[in-house]
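Coordinate inspection notes
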Amino acid sequence: MSVYISKEERFHLPEWIIRVTAGSGGEAFLIDGGGQAVLYDTGMAFCHAGLIRHIEEALDRCGYEAPSGVFLSHTHYDHIGALPYVLERWPDLTVYGAAKAAAVFASTGALATMKRLGRIARDLYGTPEERQGEIRTSGFRLDHALVDGEEIPIGTRRIRAVFTPGHTDCSMSYLLLPERTLFLSESLGVPTATGGIEPAMLKSLDQCLASAEKCRELQAEDLVFLHFGRLPKEQQSTYFDRFRAACLAERDMVLAAYREGCSREEILRRFTEMYWNEKRGRHQPLEAFQANAVPIIEQLIRNA
């Protein structure tokens, strides 16, 4: 597709969804439920001060003193890195997410990876002041493990939990009702401003494709993506078919190199040349991209 989707268009959201993102990384939104407000993700740790300032401004605009909860898309550092700082500011928040998130928060290895990648992002993207800060990985918690299909009331609206694994084992999408706005996890890929789609199938191609079919069946009225924003209406009806094609094209590229006898290092090099560039590097460090690419390559080869 050749139509360019501007940032203004991608973040032209209904008045009850307020973008509170700070710095680089995953998006963060405040959702006004009509009586109370909740957060969707928190973004990176290094820019937590800007995030909290944006949340406070959004709360003031909506007439609330504090958010009542935060819904987690998954447990990667660029989406929940600022969670400990948010919980320090509003300790009574209820943290919602997949049950698997609790195991991640208890894993010293996972927390070490969050800290390492968080420091890389801080040093690349942070302001001089932000680069002086430490990356905290203590204080993560999960208060409410969601069941697939469970609905949580938020004021006059409801959020339905939609388990969508494939990117991670804890990936959750959320259907906001009654408007039927679907916040899609990274298992459903990341659209690009030029009309492309970047798959992110770290755990399983089959799971990503199944999650896409599950989300298609929800017949959402609006699609909102991590790292992107709101997809234009004219692209929504074809999105899941285009996502499937993008996933299969990525699989075919990896398997072609594997069948040529390429080493894992050579496959990773080709994968990086094809899917990572300077523009993508503005929000995803090369180290983080390759940390994702390695399991993608492995699972595609293993399941061929």
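Residues numbered from 1 in each chain as written. Predicted model: local features only at pLDDT ≥ 70, side-chain atom pairs only at ≥ 80, totals over all residues. Heavy atoms only, no water.

**What to know about the overall build of the protein chain**
Each helix and strand counted, the protein chain has 11 helices and 14 strands in total. Relative to the compact-globule value of 19 Å for 304 residues, the protein chain shows a C-alpha radius of gyration of 19 Å, a close match. Principal axes of the C-alpha set define a box for the protein chain whose edges measure 60 × 45 × 35 Å. Sorting the 304 residues of the protein chain into buried and exposed places 56% on the buried side. Once local pairs closer than 6 in sequence are excluded, the contacts in the protein chain between residues at least 24 apart make up 67%. For the protein chain, the accessible area works out to roughly 13,200 Å², and carbon and sulfur atoms hold 49% of it. (Helix = DSSP H or I, 4+ residues; strand = E, 2+ residues; numbered from the N terminus. Rg over C-alpha atoms; globule rule 2.2 N^0.38 Å. Buried < 20%, exposed > 50% of the residue type's maximum accessible area, 1.4 Å probe, protein only. Contact = heavy atoms within 4.5 Å. Areas by Shrake-Rupley, 256 points an atom, 1.4 Å probe, with all protein chains shown as cover.)

**Points about the nonpolar core**
Of all hydrophobic cores here, the largest spans 41 residues; its most connected members are V20, L30, L51, I55, L83, F105 and M114. Contributing elements (two or more residues each) for this core: β3 (37-40), α2 (48-62), α3 (77-80), α4 (83-89), α5 (100-105) and α6 (108-125). In terms of nonpolar packing, the next biggest core, distinct from the first, is built from 39 residues, L177, I197, C247 and L268 among them. (Core = buried A, V, L, I, M, F, W, Y, C linked by side-chain atoms within 4.5 Å.)

**A word on the packing of helix α10 (residues 264-275) against helix α11 (residues 286-302)**
Following both chains from N to C, one finds α10 and α11 inclined at 120°, their axes separated by 10 Å at the closest point. Relative to α11, the element α10 is oriented oblique. Of the two possible hands of crossing, α10 and α11 adopt the one that is right-handed. Across from R264, I267, L268, F271, T272 and Y275 in α10, the residues of α11 making contact are L286, F289, Q290, A293, V294, I296, I297, E298 and I301. (Axes fitted to C-alpha atoms, helices over the stretch in contact; angles between N-to-C directions. Parallel < 35°, antiparallel > 145°, perpendicular 65-115°, else oblique. Left-handed = near helix turned anticlockwise from the far one by under 90°.)

**Details of the sheet that holds strand β5 (residues 94-97)**
The strands making up a sheet are joined through hydrogen bonds of the backbone, oriented either antiparallel or parallel. If you walk across this open sheet you meet the six strands as β1-β2-β3-β4-β5-β6, and the pairing is mixed. The outermost strands of the open sheet, each flanked by one partner alone, are β1 (17-19) and β6 (144-145). Note: β1 against strand β2 (residues 29-32), three bridges, orientation antiparallel. By the bridge assignment for β2, R19 is matched with F29. (Pairing = 2+ DSSP bridges.)

**Focus: the sheet that holds strand β9 (residues 172-177)**
The sheet built from six strands is open, its strands ordered β7-β8-β9-β10-β13-β14 with mixed pairing. One side of each edge strand has no neighbouring strand; the edge strands of this open sheet are β7 (151-154) and β14 (229-230). Where β9 lies against strand β10 (residues 181-184), three bridges are found, and the strand directions are antiparallel. Residue pairing in the sheet places L176 in a bridge with T181 of β10.

**Notes on empty space enclosed by the protein**
In total, this model carries one cavity of 30 Å³ or more according to the counting rule given. Estimates place the volume of the largest cavity at around 70 Å³. M44, A45, F46, Y77, G81, M114, G118, I135, R136, T137 and F140 together form the lining of the largest cavity. In terms of residue class, the lining of the largest cavity is made up of seven nonpolar, three polar and one charged. (1 Å grid on protein atoms, 1.4 Å probe; cavity = no way out; pocket = protein on both sides within 12 Å on 5 of 7 lines; lining within 4 Å. Points joined across faces, edges and corners; volume = space filled by probe spheres on them. Nonpolar A, V, L, I, M, F, W, Y, C, P; charged D, E, K, R; others polar.)

**Quick word on unusual backbone geometry**
Apart from glycine, the bulk of residues carry a negative phi angle, and the bulk of peptide bonds sit in the trans form. In this structure, the amide linkage connecting L177 to the following residue, P178, adopts the cis form with an omega of 10°. Relative to the helices and strands, P178 resides in the loop between β9 and β10. Positive phi values are uncommon outside glycine, yet R180 reaches one of about 65°.

**Focus: the pattern of salt bridges**
A full pass over the atoms with the stated rule returns 22 salt bridges. For R19, the salt bridge goes to E27, with nearest N and O atoms at 2.6 Å. Under the relative-accessibility criterion, R19 is labelled partly exposed at 31%. On the basis of relative accessible area, E27 is assigned to the buried category, the value being 5%. Close ionic contact of E56 with R89 constitutes a salt bridge, the shortest N to O distance being 2.8 Å. (Salt bridge = Lys/Arg side-chain N within 4 Å of Asp/Glu carboxyl O.)

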